[in-house]
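Breakdown of the fold
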Amino acid sequence: MKGRVYVKTYGCQMNVRDTSAILGVLKQEGYEMTDNIDEADVIIINTCAVREKAEQKVLSELGRLKMFKQRCANVVVGIGGCMAQEAGRTIAERFPHVDVVFGTHSLHRLPELIEKASSGEKAVDVSTDYTPGERFSAKRLRVSSGLKEYVTVMEGCDNFCAYCIVPHVRGREVSRPPEDILEEVKELVSRGTKEITLVGQNVNSYGLKEGWGVDFPHLLDMVAATPGLQRLRFITSHPRDFTEQLARRFVTLDVLCEHLHLPVQAGSTRILKAMNRGYTRDEYLRKVEMVKKLPVTVALSTDIIVGFPGETEKDFQDTLSLLEEVQFDFIFSFAYSPRPGTPAARLHNQVPLKVRLERLAQVQALQKEITLKKNRDLENRVVDVLVEGTSRRDRHELTGRTRCNRVVNFPGPSEVMGREVKVHITQAHANSLRGEIVETAQEGRNHD
Ligand code: SAH
Ligand code: SF4
Ligand code: F3S
(Lines give C-alpha, C1' and ligand atoms only; values in the text may rest on other atoms or scores of the structure.)
(Ligands and ions follow the chains in the order given, each with its own letter.)
Protein backbone atom coordinates (compact mmCIF):
# COMPACT_ATOMS: atom_id res chain seq x y z
CA MET A 1 0.00 0.00 0.00
CA LYS A 2 1.28 3.44 -0.94
CA GLY A 3 -0.70 5.34 1.68
CA ARG A 4 -4.19 6.26 2.86
CA VAL A 5 -6.22 8.94 1.12
CA TYR A 6 -8.94 11.08 2.65
CA VAL A 7 -11.13 13.19 0.34
CA LYS A 8 -13.61 15.87 1.35
CA THR A 9 -16.08 16.94 -1.35
CA TYR A 10 -17.90 20.22 -1.90
CA GLY A 11 -20.24 21.14 -4.74
CA CYS A 12 -22.52 19.42 -7.21
CA GLN A 13 -22.94 15.90 -8.61
CA MET A 14 -20.08 16.51 -11.04
CA ASN A 15 -17.76 16.86 -8.07
CA VAL A 16 -19.24 13.89 -6.24
CA ARG A 17 -18.54 11.81 -9.34
CA ASP A 18 -15.04 13.29 -9.67
CA THR A 19 -14.27 12.36 -6.07
CA SER A 20 -14.99 8.71 -6.75
CA ALA A 21 -12.81 9.00 -9.88
CA ILE A 22 -9.99 10.53 -7.78
CA LEU A 23 -10.20 7.58 -5.41
CA GLY A 24 -10.35 5.20 -8.37
CA VAL A 25 -7.19 6.65 -9.93
CA LEU A 26 -5.33 6.46 -6.65
CA LYS A 27 -6.56 2.93 -5.86
CA GLN A 28 -5.12 1.80 -9.18
CA GLU A 29 -1.76 3.12 -7.99
CA GLY A 30 -1.93 1.23 -4.70
CA TYR A 31 -3.49 3.76 -2.35
CA GLU A 32 -6.31 2.92 0.05
CA MET A 33 -9.12 5.22 1.06
CA THR A 34 -10.00 6.26 4.59
CA ASP A 35 -12.87 8.15 6.23
CA ASN A 36 -10.62 9.14 9.12
CA ILE A 37 -8.56 12.24 8.40
CA ASP A 38 -6.23 11.47 11.32
CA GLU A 39 -4.90 8.34 9.64
CA ALA A 40 -4.52 9.92 6.18
CA ASP A 41 -1.22 10.22 4.32
CA VAL A 42 -2.87 12.24 1.57
CA ILE A 43 -5.69 14.75 2.22
CA ILE A 44 -7.59 16.07 -0.77
CA ILE A 45 -10.24 18.78 -0.82
CA ASN A 46 -12.44 18.68 -3.94
CA THR A 47 -13.74 22.25 -4.12
CA CYS A 48 -16.68 24.21 -5.54
CA ALA A 49 -16.65 27.83 -6.70
CA VAL A 50 -20.31 28.36 -7.56
CA ARG A 51 -21.12 30.67 -4.63
CA GLU A 52 -19.03 32.65 -2.18
CA LYS A 53 -20.22 30.51 0.74
CA ALA A 54 -18.86 27.35 -0.90
CA GLU A 55 -15.49 29.03 -1.31
CA GLN A 56 -15.46 30.33 2.26
CA LYS A 57 -16.00 26.81 3.60
CA VAL A 58 -12.97 25.62 1.63
CA LEU A 59 -10.85 28.54 2.81
CA SER A 60 -11.60 27.80 6.46
CA GLU A 61 -10.92 24.11 5.81
CA LEU A 62 -7.54 25.11 4.39
CA GLY A 63 -6.89 27.15 7.55
CA ARG A 64 -7.56 24.06 9.70
CA LEU A 65 -5.30 21.96 7.50
CA LYS A 66 -2.43 24.35 8.14
CA MET A 67 -2.45 23.31 11.81
CA PHE A 68 -2.83 19.68 10.82
CA LYS A 69 0.20 19.97 8.59
CA GLN A 70 2.22 21.52 11.42
CA ARG A 71 1.54 18.38 13.48
CA CYS A 72 2.07 15.88 10.67
CA ALA A 73 4.57 17.38 8.24
CA ASN A 74 4.62 14.29 6.00
CA VAL A 75 0.97 14.48 5.04
CA VAL A 76 0.42 15.57 1.44
CA VAL A 77 -2.33 18.21 1.17
CA GLY A 78 -4.01 18.46 -2.24
CA ILE A 79 -6.68 20.76 -3.52
CA GLY A 80 -8.72 19.97 -6.61
CA GLY A 81 -12.05 20.83 -8.20
CA CYS A 82 -13.47 24.07 -9.46
CA MET A 83 -11.76 26.53 -7.08
CA ALA A 84 -8.45 24.90 -7.89
CA GLN A 85 -9.15 25.06 -11.62
CA GLU A 86 -10.08 28.72 -11.34
CA ALA A 87 -7.46 30.06 -8.94
CA GLY A 88 -4.97 27.23 -8.57
CA ARG A 89 -1.80 29.23 -8.72
CA THR A 90 -3.05 31.88 -6.30
CA ILE A 91 -4.07 29.16 -3.85
CA ALA A 92 -0.67 27.51 -4.15
CA GLU A 93 1.02 30.82 -3.31
CA ARG A 94 -1.39 31.91 -0.59
CA PHE A 95 -1.35 28.59 1.26
CA PRO A 96 2.21 27.31 1.46
CA HIS A 97 1.02 24.15 3.23
CA VAL A 98 -0.88 23.06 0.08
CA ASP A 99 1.39 20.61 -1.76
CA VAL A 100 -0.73 19.63 -4.77
CA VAL A 101 -3.12 21.71 -6.85
CA PHE A 102 -4.99 19.91 -9.64
CA GLY A 103 -7.83 21.08 -11.84
CA THR A 104 -10.98 19.43 -13.12
CA HIS A 105 -9.22 18.28 -16.32
CA SER A 106 -6.16 16.66 -14.77
CA LEU A 107 -7.41 13.93 -12.41
CA HIS A 108 -5.44 11.37 -14.41
CA ARG A 109 -2.18 13.11 -13.43
CA LEU A 110 -2.87 13.00 -9.69
CA PRO A 111 -0.58 10.04 -8.81
CA GLU A 112 2.37 11.78 -10.51
CA LEU A 113 1.57 15.06 -8.78
CA ILE A 114 1.45 13.38 -5.36
CA GLU A 115 4.79 11.67 -6.06
CA LYS A 116 6.32 15.02 -6.95
CA ALA A 117 4.92 16.63 -3.79
CA SER A 118 6.23 13.76 -1.65
CA SER A 119 9.73 14.61 -2.79
CA GLY A 120 9.24 18.12 -1.46
CA GLU A 121 8.26 19.99 -4.62
CA LYS A 122 4.99 21.87 -5.01
CA ALA A 123 2.95 20.23 -7.79
CA VAL A 124 0.44 22.33 -9.74
CA ASP A 125 -1.53 21.22 -12.82
CA VAL A 126 -4.54 23.30 -13.83
CA SER A 127 -3.99 22.82 -17.55
CA THR A 128 -7.01 22.55 -19.83
CA ASP A 129 -5.01 21.26 -22.79
CA TYR A 130 -5.78 17.57 -22.31
CA THR A 131 -7.61 15.65 -25.00
CA PRO A 132 -11.09 14.33 -24.12
CA GLY A 133 -9.53 10.85 -24.13
CA GLU A 134 -7.00 11.87 -21.47
CA ARG A 135 -9.38 13.74 -19.20
CA PHE A 136 -12.13 11.11 -19.38
CA SER A 137 -9.66 8.24 -18.86
CA ALA A 138 -9.69 8.92 -15.11
CA LYS A 139 -13.38 9.70 -15.03
CA ARG A 140 -14.42 6.18 -15.83
CA LEU A 141 -12.69 4.87 -12.72
CA ARG A 142 -14.20 4.59 -9.25
CA VAL A 143 -13.22 2.99 -6.00
CA SER A 144 -16.24 0.71 -5.64
CA SER A 145 -19.74 0.53 -7.06
CA GLY A 146 -22.76 1.29 -4.93
CA LEU A 147 -26.49 0.83 -5.30
CA LYS A 148 -26.74 4.25 -6.97
CA GLU A 149 -23.99 5.71 -9.14
CA TYR A 150 -23.38 8.83 -11.20
CA VAL A 151 -22.04 8.46 -14.72
CA THR A 152 -20.59 11.56 -16.40
CA VAL A 153 -21.85 11.99 -19.97
CA MET A 154 -20.57 15.48 -20.72
CA GLU A 155 -18.61 18.20 -19.01
CA GLY A 156 -18.34 21.95 -19.31
CA CYS A 157 -20.86 24.55 -20.33
CA ASP A 158 -21.20 26.89 -23.30
CA ASN A 159 -24.18 28.81 -21.96
CA PHE A 160 -22.46 31.58 -20.02
CA CYS A 161 -25.36 32.59 -17.79
CA ALA A 162 -24.36 36.04 -16.58
CA TYR A 163 -24.03 35.04 -12.92
CA CYS A 164 -22.29 31.69 -13.33
CA ILE A 165 -18.66 30.73 -12.86
CA VAL A 166 -19.05 27.17 -14.18
CA PRO A 167 -18.25 27.86 -17.88
CA HIS A 168 -15.18 29.79 -16.75
CA VAL A 169 -13.83 26.90 -14.70
CA ARG A 170 -15.10 23.74 -16.38
CA GLY A 171 -14.48 25.06 -19.89
CA ARG A 172 -16.40 24.31 -23.07
CA GLU A 173 -18.86 21.44 -23.46
CA VAL A 174 -17.22 18.12 -24.25
CA SER A 175 -19.19 14.86 -24.50
CA ARG A 176 -18.00 11.32 -23.82
CA PRO A 177 -18.35 8.78 -26.62
CA PRO A 178 -21.56 6.73 -26.19
CA GLU A 179 -19.68 3.43 -26.22
CA ASP A 180 -17.57 4.52 -23.20
CA ILE A 181 -20.71 5.49 -21.32
CA LEU A 182 -22.46 2.23 -22.17
CA GLU A 183 -19.44 0.21 -21.12
CA GLU A 184 -19.31 2.00 -17.77
CA VAL A 185 -23.05 1.50 -17.19
CA LYS A 186 -22.87 -2.20 -18.09
CA GLU A 187 -19.96 -2.74 -15.75
CA LEU A 188 -21.75 -0.98 -12.90
CA VAL A 189 -24.96 -2.94 -13.40
CA SER A 190 -23.03 -6.21 -13.54
CA ARG A 191 -21.49 -5.27 -10.17
CA GLY A 192 -24.89 -4.67 -8.58
CA THR A 193 -25.72 -1.00 -9.25
CA LYS A 194 -29.48 -0.55 -9.53
CA GLU A 195 -29.78 3.15 -10.27
CA ILE A 196 -27.72 5.26 -12.67
CA THR A 197 -27.86 9.04 -12.91
CA LEU A 198 -26.35 10.48 -16.07
CA VAL A 199 -24.67 13.76 -15.13
CA GLY A 200 -23.50 16.79 -17.06
CA GLN A 201 -23.80 20.57 -16.69
CA ASN A 202 -26.19 20.61 -19.61
CA VAL A 203 -27.07 17.08 -20.69
CA ASN A 204 -29.39 18.28 -23.47
CA SER A 205 -26.34 19.41 -25.43
CA TYR A 206 -24.95 15.86 -25.34
CA GLY A 207 -23.18 14.90 -28.55
CA LEU A 208 -24.42 17.86 -30.57
CA LYS A 209 -20.93 19.18 -31.32
CA GLU A 210 -19.31 15.80 -31.76
CA GLY A 211 -21.43 14.63 -34.69
CA TRP A 212 -21.62 10.99 -33.58
CA GLY A 213 -25.27 10.91 -34.59
CA VAL A 214 -26.25 10.22 -30.97
CA ASP A 215 -28.07 13.01 -29.14
CA PHE A 216 -29.25 12.88 -25.53
CA PRO A 217 -32.63 11.20 -26.11
CA HIS A 218 -30.84 8.50 -28.13
CA LEU A 219 -28.25 8.07 -25.43
CA LEU A 220 -31.07 7.56 -22.92
CA ASP A 221 -32.56 4.86 -25.17
CA MET A 222 -29.20 3.11 -25.38
CA VAL A 223 -28.51 3.27 -21.63
CA ALA A 224 -32.08 2.25 -20.76
CA ALA A 225 -31.62 -0.94 -22.78
CA THR A 226 -28.92 -2.19 -20.38
CA PRO A 227 -30.18 -5.54 -19.02
CA GLY A 228 -30.60 -5.44 -15.24
CA LEU A 229 -30.74 -1.65 -14.89
CA GLN A 230 -33.68 -0.72 -12.65
CA ARG A 231 -33.66 3.04 -12.51
CA LEU A 232 -32.28 5.77 -14.74
CA ARG A 233 -32.15 9.51 -14.03
CA PHE A 234 -30.39 12.52 -15.55
CA ILE A 235 -29.26 15.99 -14.46
CA THR A 236 -29.20 18.81 -15.47
CA SER A 237 -31.41 19.94 -18.32
CA HIS A 238 -31.29 23.48 -19.63
CA PRO A 239 -34.91 24.59 -20.26
CA ARG A 240 -34.03 26.21 -23.59
CA ASP A 241 -32.85 22.89 -25.00
CA PHE A 242 -35.47 20.69 -23.35
CA THR A 243 -37.43 19.14 -26.21
CA GLU A 244 -40.66 17.21 -26.67
CA GLN A 245 -38.54 14.37 -27.99
CA LEU A 246 -36.74 14.16 -24.64
CA ALA A 247 -39.98 14.58 -22.65
CA ARG A 248 -41.47 11.57 -24.50
CA ARG A 249 -38.73 9.35 -23.01
CA PHE A 250 -40.58 9.55 -19.67
CA VAL A 251 -43.38 7.67 -21.41
CA THR A 252 -41.41 5.30 -23.61
CA LEU A 253 -38.63 4.24 -21.24
CA ASP A 254 -39.80 2.20 -18.27
CA VAL A 255 -36.54 2.50 -16.35
CA LEU A 256 -36.46 6.30 -16.65
CA CYS A 257 -37.69 7.68 -13.33
CA GLU A 258 -40.49 10.24 -13.42
CA HIS A 259 -38.51 13.23 -12.18
CA LEU A 260 -37.29 16.23 -14.12
CA HIS A 261 -34.96 18.89 -12.72
CA LEU A 262 -35.48 21.94 -14.89
CA PRO A 263 -33.76 25.00 -13.40
CA VAL A 264 -35.75 28.17 -14.12
CA GLN A 265 -33.69 30.58 -11.95
CA ALA A 266 -36.23 33.45 -12.03
CA GLY A 267 -39.84 34.16 -12.90
CA SER A 268 -39.37 37.53 -14.58
CA THR A 269 -38.62 37.59 -18.30
CA ARG A 270 -36.64 40.82 -17.81
CA ILE A 271 -34.35 39.12 -15.27
CA LEU A 272 -34.10 35.92 -17.35
CA LYS A 273 -32.88 38.08 -20.21
CA ALA A 274 -30.33 39.84 -17.98
CA MET A 275 -29.22 36.40 -16.80
CA ASN A 276 -28.71 35.33 -20.43
CA ARG A 277 -30.86 32.24 -19.90
CA GLY A 278 -32.20 32.14 -23.45
CA TYR A 279 -35.92 31.71 -22.65
CA THR A 280 -38.81 33.82 -21.39
CA ARG A 281 -41.15 33.07 -18.50
CA ASP A 282 -43.83 31.96 -20.98
CA GLU A 283 -41.47 29.73 -22.91
CA TYR A 284 -40.47 28.04 -19.65
CA LEU A 285 -44.11 27.61 -18.64
CA ARG A 286 -44.87 26.05 -22.02
CA LYS A 287 -42.16 23.44 -21.45
CA VAL A 288 -43.65 22.69 -18.04
CA GLU A 289 -47.09 22.35 -19.63
CA MET A 290 -45.65 19.92 -22.17
CA VAL A 291 -44.36 17.74 -19.31
CA LYS A 292 -47.60 18.01 -17.33
CA LYS A 293 -49.59 16.84 -20.36
CA LEU A 294 -47.64 13.58 -20.65
CA PRO A 295 -49.64 10.47 -19.82
CA VAL A 296 -47.37 9.85 -16.80
CA THR A 297 -46.95 12.16 -13.80
CA VAL A 298 -43.43 13.56 -13.76
CA ALA A 299 -42.21 15.22 -10.56
CA LEU A 300 -40.69 18.63 -11.25
CA SER A 301 -37.93 20.41 -9.39
CA THR A 302 -36.01 23.58 -10.10
CA ASP A 303 -33.27 26.00 -9.03
CA ILE A 304 -34.08 29.59 -8.08
CA ILE A 305 -31.74 32.55 -7.68
CA VAL A 306 -33.12 35.56 -5.81
CA GLY A 307 -31.59 39.04 -5.84
CA PHE A 308 -29.87 38.96 -9.23
CA PRO A 309 -28.56 42.51 -9.93
CA GLY A 310 -31.43 44.82 -10.83
CA GLU A 311 -34.14 42.46 -9.50
CA THR A 312 -37.01 44.72 -8.40
CA GLU A 313 -39.78 43.82 -5.98
CA LYS A 314 -42.03 43.30 -9.02
CA ASP A 315 -39.50 40.91 -10.62
CA PHE A 316 -39.26 39.03 -7.37
CA GLN A 317 -43.06 38.73 -7.17
CA ASP A 318 -42.87 37.13 -10.64
CA THR A 319 -40.64 34.41 -9.17
CA LEU A 320 -43.13 33.80 -6.35
CA SER A 321 -46.03 33.65 -8.80
CA LEU A 322 -44.13 31.20 -11.02
CA LEU A 323 -43.61 28.92 -8.02
CA GLU A 324 -47.36 29.15 -7.28
CA GLU A 325 -48.22 28.44 -10.88
CA VAL A 326 -45.93 25.48 -11.52
CA GLN A 327 -46.23 23.84 -8.09
CA PHE A 328 -42.78 22.23 -8.15
CA ASP A 329 -42.38 19.12 -6.04
CA PHE A 330 -39.22 20.61 -4.56
CA ILE A 331 -36.70 23.36 -5.31
CA PHE A 332 -33.15 24.44 -4.54
CA SER A 333 -32.98 28.17 -3.89
CA PHE A 334 -30.04 30.50 -3.54
CA ALA A 335 -29.32 34.16 -2.83
CA TYR A 336 -27.39 35.59 -5.76
CA SER A 337 -23.65 35.51 -5.05
CA PRO A 338 -21.39 37.76 -7.17
CA ARG A 339 -18.65 35.68 -8.79
CA PRO A 340 -15.54 37.63 -9.77
CA GLY A 341 -14.99 37.50 -13.54
CA THR A 342 -18.65 37.01 -14.46
CA PRO A 343 -20.60 39.80 -16.24
CA ALA A 344 -23.25 40.03 -13.49
CA ALA A 345 -20.62 40.77 -10.85
CA ARG A 346 -19.68 43.92 -12.78
CA LEU A 347 -23.23 45.31 -12.82
CA HIS A 348 -23.78 48.41 -10.72
CA ASN A 349 -27.31 47.64 -9.57
CA GLN A 350 -26.46 44.91 -7.05
CA VAL A 351 -29.30 44.06 -4.64
CA PRO A 352 -28.32 44.58 -0.96
CA LEU A 353 -27.52 41.34 0.88
CA LYS A 354 -30.28 42.00 3.43
CA VAL A 355 -32.90 42.14 0.64
CA ARG A 356 -31.47 39.05 -1.04
CA LEU A 357 -31.72 37.10 2.20
CA GLU A 358 -35.27 38.34 2.89
CA ARG A 359 -36.35 37.25 -0.57
CA LEU A 360 -34.69 33.88 -0.10
CA ALA A 361 -36.61 33.36 3.14
CA GLN A 362 -39.88 34.22 1.35
CA VAL A 363 -39.19 31.81 -1.51
CA GLN A 364 -38.34 29.06 0.94
CA ALA A 365 -41.43 29.66 3.09
CA LEU A 366 -43.72 29.52 0.05
CA GLN A 367 -42.09 26.40 -1.37
CA LYS A 368 -42.19 24.66 2.01
CA GLU A 369 -45.98 24.84 1.89
CA ILE A 370 -46.11 23.67 -1.72
CA THR A 371 -43.74 20.76 -1.09
CA LEU A 372 -45.74 19.69 1.95
CA LYS A 373 -48.95 19.85 -0.07
CA LYS A 374 -47.36 17.81 -2.87
CA ASN A 375 -46.06 15.27 -0.35
CA ARG A 376 -49.55 15.01 1.20
CA ASP A 377 -50.94 14.07 -2.22
CA LEU A 378 -48.95 10.85 -1.83
CA GLU A 379 -50.58 9.89 1.48
CA ASN A 380 -52.46 6.60 1.19
CA ARG A 381 -50.76 5.79 -2.09
CA VAL A 382 -48.47 2.85 -2.75
CA VAL A 383 -45.10 3.78 -4.25
CA ASP A 384 -41.98 1.92 -5.37
CA VAL A 385 -39.05 2.56 -3.05
CA LEU A 386 -35.45 1.55 -3.73
CA VAL A 387 -34.20 0.67 -0.23
CA GLU A 388 -30.84 2.35 0.36
CA GLY A 389 -30.04 1.77 4.02
CA THR A 390 -31.09 2.53 7.54
CA SER A 391 -32.64 5.89 8.37
CA ARG A 392 -30.33 8.59 9.74
CA ARG A 393 -32.56 9.23 12.76
CA ASP A 394 -33.39 5.65 13.69
CA ARG A 395 -31.17 2.67 12.90
CA HIS A 396 -34.17 0.33 13.11
CA GLU A 397 -35.87 2.09 10.24
CA LEU A 398 -35.16 1.68 6.55
CA THR A 399 -34.85 4.52 4.11
CA GLY A 400 -35.03 4.82 0.35
CA ARG A 401 -36.31 6.94 -2.50
CA THR A 402 -39.34 6.88 -4.71
CA ARG A 403 -38.94 7.09 -8.47
CA CYS A 404 -39.81 10.78 -8.13
CA ASN A 405 -36.83 11.17 -5.78
CA ARG A 406 -38.63 11.63 -2.45
CA VAL A 407 -37.15 10.15 0.72
CA VAL A 408 -39.34 7.51 2.41
CA ASN A 409 -38.69 6.09 5.90
CA PHE A 410 -40.38 2.90 7.04
CA PRO A 411 -39.88 -0.04 9.40
CA GLY A 412 -38.77 -3.23 7.68
CA PRO A 413 -36.37 -6.18 7.59
CA SER A 414 -32.78 -5.53 6.58
CA GLU A 415 -33.07 -8.26 3.90
CA VAL A 416 -34.88 -5.85 1.59
CA MET A 417 -31.86 -3.53 1.52
CA GLY A 418 -30.84 -2.84 -2.08
CA ARG A 419 -34.21 -3.98 -3.45
CA GLU A 420 -37.24 -2.14 -4.74
CA VAL A 421 -40.28 -2.58 -2.47
CA LYS A 422 -43.87 -1.32 -2.47
CA VAL A 423 -44.52 1.10 0.38
CA HIS A 424 -47.87 2.44 1.49
CA ILE A 425 -47.43 6.11 2.44
CA THR A 426 -48.99 6.84 5.81
CA GLN A 427 -47.68 10.32 6.61
CA ALA A 428 -46.14 13.21 4.70
CA HIS A 429 -43.59 15.60 6.21
CA ALA A 430 -41.90 18.63 4.63
CA ASN A 431 -38.74 16.74 3.60
CA SER A 432 -39.70 13.09 3.73
CA LEU A 433 -42.52 10.56 3.77
CA ARG A 434 -43.33 7.79 6.23
CA GLY A 435 -44.83 4.49 5.25
CA GLU A 436 -45.23 0.77 5.68
CA ILE A 437 -44.11 -2.03 3.39
CA VAL A 438 -47.02 -3.61 1.54
CA GLU A 439 -46.71 -7.38 1.58
CA THR A 440 -48.50 -8.12 -1.64
CA ALA A 441 -46.66 -6.72 -4.64
CA GLN A 442 -48.96 -4.75 -6.90
CA GLU A 443 -49.16 -4.99 -10.63
CA GLY A 444 -47.77 -2.29 -12.88
CA ARG A 445 -45.78 0.76 -12.11
CA ASN A 446 -46.75 3.53 -9.73
CA HIS A 447 -46.28 7.01 -11.06
CA ASP A 448 -45.65 8.56 -7.70
N1 SAH B 1 -25.69 23.46 -14.99
C2 SAH B 1 -26.74 23.57 -14.10
C3 SAH B 1 -26.47 24.18 -12.75
C4 SAH B 1 -25.12 24.51 -12.31
S5 SAH B 1 -24.93 25.41 -10.85
C6 SAH B 1 -27.81 24.40 -14.78
O7 SAH B 1 -27.55 25.23 -15.57
O8 SAH B 1 -28.93 24.21 -14.42
C9 SAH B 1 -26.31 24.96 -9.84
C10 SAH B 1 -27.17 26.11 -9.46
O11 SAH B 1 -26.44 27.07 -8.71
C12 SAH B 1 -27.72 26.92 -10.63
O13 SAH B 1 -28.81 26.33 -11.23
C14 SAH B 1 -28.05 28.23 -9.98
O15 SAH B 1 -29.36 28.22 -9.44
C16 SAH B 1 -27.07 28.31 -8.81
N17 SAH B 1 -26.04 29.34 -9.06
C18 SAH B 1 -25.11 29.37 -10.02
N19 SAH B 1 -24.37 30.50 -9.92
C20 SAH B 1 -24.84 31.19 -8.87
C21 SAH B 1 -24.50 32.44 -8.28
N22 SAH B 1 -23.53 33.20 -8.76
N23 SAH B 1 -25.22 32.84 -7.20
C24 SAH B 1 -26.22 32.07 -6.70
N25 SAH B 1 -26.58 30.90 -7.22
C26 SAH B 1 -25.91 30.45 -8.30
FE1 SF4 C 1 -24.00 27.86 -15.17
FE2 SF4 C 1 -25.88 28.51 -16.86
FE3 SF4 C 1 -24.04 26.74 -17.56
FE4 SF4 C 1 -25.84 26.09 -15.76
S5 SF4 C 1 -26.25 26.60 -17.92
S6 SF4 C 1 -23.66 25.73 -15.61
S7 SF4 C 1 -26.19 27.99 -14.68
S8 SF4 C 1 -23.70 28.89 -17.16
FE1 F3S D 1 -19.48 23.87 -7.93
FE2 F3S D 1 -17.98 23.19 -9.93
FE3 F3S D 1 -20.24 21.95 -9.52
S4 F3S D 1 -18.37 25.24 -9.26
S5 F3S D 1 -21.53 23.50 -8.59
S6 F3S D 1 -18.52 21.91 -8.19
S7 F3S D 1 -19.32 22.42 -11.50
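Residues numbered from 1 in each chain as written. Chains lettered and ligands numbered in written order. Predicted model: local features only at pLDDT ≥ 70, side-chain atom pairs only at ≥ 80, totals over all residues. Heavy atoms only, no water.

Here we take up the sheet that holds strand 7 (residues 148-152). Judged by pairing direction, the sheet is parallel, and its three strands sit side by side in the order 7-10-11 without closing on themselves. Taken across any chain shown, the strands that pair with only one partner, and hence form the sheet edges, are strand 7 and strand 11 (231-235). On average, each strand axis in the sheet is inclined to that of its neighbour by 25 degrees, with strand direction left out of account. Across five bridges, the pairing between strand 10 (residues 195-199) and strand 11 is parallel. Looking across to strand 11, one finds that threonine 197 is bridged to arginine 233. Each of strand 10 and strand 11 is contacted by helix 8 (residues 216-224), which is oriented at about 155 degrees to strand 11, the strand it contacts most. (Pairing = 2+ DSSP bridges. Helix = DSSP H or I, 4+ residues; strand = E, 2+ residues; numbered from the N terminus. Axes fitted to C-alpha atoms, helices over the stretch in contact; angles between N-to-C directions. Contact = heavy atoms within 4.5 Å.)

Moving on: the sheet that holds strand 15 (residues 382-390). Ordered in space as 15-16-17-19-18, the five strands form a closed barrel in which the pairing is mixed. Ignoring which end each strand starts from, the neighbouring axes of this sheet average 50 degrees apart. Pairing of strand 15 with strand 18 (residues 420-428), which is carried by five bridges, proceeds in the antiparallel orientation. By the bridge assignment, valine 382 is partnered in strand 18 with histidine 424.

With that out of the way, let us pick up the pattern of salt bridges. All told, the structure shown has 39 salt bridges when counted by the stated rule. Salt-bridge contacts for glutamate 149 lead to arginine 142; the nearest nitrogen and oxygen are separated by 3.1 Å. Just as glutamate 149 is buried, arginine 142 falls in that class too. With a shortest N-O distance of 2.5 Å, aspartate 329 and arginine 406 are connected by a salt bridge. Here aspartate 329, found in the loop between helix 13 (313-326) and strand 14 (330-335), pairs with arginine 406, found in the loop between strand 16 (397-402) and strand 17 (407-411); they are 77 residues apart in sequence, far enough to count as distant. Here aspartate 329 and arginine 406 have matching classes, each one buried. Linked through salt bridges whose partners overlap, the residues forming this network are Arg17, Arg142, Glu149, Arg176 and Glu184. (Salt bridge = Lys/Arg side-chain N within 4 Å of Asp/Glu carboxyl O. Buried < 20%, exposed > 50% of the residue type's maximum accessible area, 1.4 Å probe, protein only.)

So, about helix 7 (residues 178-190). Under the 1.5 Å per step criterion, the end-to-end length of helix 7 is 18 Å for 13 residues, consistent within 8% with the ideal 18 Å. Within helix 7, the full set of buried residues consists of Pro178, Ile181, Leu182, Glu184, Val185, Leu188 and Val189. Around the axis of helix 7, the buried residues are gathered within 160 degrees of arc, so they sit on the same side. For helix 7, the exposed residues set more than 90 degrees away from the buried face come down to Glu179 and Ser190. Contacts from the buried residues of helix 7 go to helix 1 (13-28), helix 5 (132-139), strand 7, strand 10 and helix 8. (Expected span 1.5 Å × (residues − 1). Arc of directions from axis to C-beta.)

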